[in-house]
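Analysis of the macromolecular model
What follows is each chain in one-letter form.
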Amino acid sequence: MVRLPHKPHLSWGHEIVGVGWLECDGGKFVGVKDNFYPTDSLETVRWIRSEAFISLISALPLKKKP
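Cut-offs used in this document
Residues numbered from 1 in each chain as written. Predicted model: local features only at pLDDT ≥ 70, side-chain atom pairs only at ≥ 80, totals over all residues. Heavy atoms only, no water. Helix = DSSP H or I, 4+ residues; strand = E, 2+ residues; numbered from the N terminus. Buried < 20%, exposed > 50% of the residue type's maximum accessible area, 1.4 Å probe, protein only. Polar contact = N/O pair within 3.5 Å; in protein donor to acceptor, adjacent residues only side chain to side chain. Pairing = 2+ DSSP bridges. Axes fitted to C-alpha atoms, helices over the stretch in contact; angles between N-to-C directions. Salt bridge = Lys/Arg side-chain N within 4 Å of Asp/Glu carboxyl O.

1. Side note on the environment of Ser 41
- Looking at the element boundaries, Ser 41 is found in the loop between β2 (27-33) and β3 (46-49).
- With a relative accessible area of 28%, Ser 41 lands in the partly exposed category.
- Only 2.8 Å separates the side chain of Ser 41 from the side chain of Glu 43, close enough to count as a polar contact.

Spelled out as structure tokens, the structure:
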């Protein structure tokens, strides 16, 4: 569930892609690309406090054996 302050009626579960993690002033944030949060720039990342999410799934590349 992601809150959409500019469109409260659209605050339902939907898919987003996480592009980064940030720890700032004791808070933990997730950087996301969210197609329900329109911006003028494709490079814009939305930073959301991690506790705003019900669940987070992280996928990392498989490390190759030496």
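Picking up where we left off.
2. Notes on the pairing of β3
- Residue alternation in β3 divides its side chains into a buried set, Arg 46 and Ile 48, and an unburied set, Trp 47 and Arg 49.
- Bridge analysis of β2 against β3 gives 4 bridges, and the strand direction is antiparallel. Bridging from a neighbouring strand, Gly 31 pairs with Trp 47 of β3.

3. A few points about the sheet that holds β3
- Strand order in this open sheet of 3 strands is β1-β2-β3, and the pairing throughout is antiparallel. The open sheet has two free edges, formed respectively by β1 (17-24) and β3, since each of these has just one partner strand. Sheet twist, expressed as the average angle between the axes of neighbouring strands with direction ignored, equals 30°.
- By the bridge criterion, 7 bridges tie β1 to β2 in an arrangement that is antiparallel. Residue pairing across strands places Gly 18 opposite Val 32, the latter belonging to β2.

4. Some thoughts on the pattern of salt bridges
- One pass over the full model with this rule turns up 1 salt bridge.
- Two residues, Arg 49 and Glu 51, come together in a salt bridge whose shortest N-O distance is 3.9 Å.
- Residue Glu 51 is classed as exposed on the basis of its relative accessible area of 57%.

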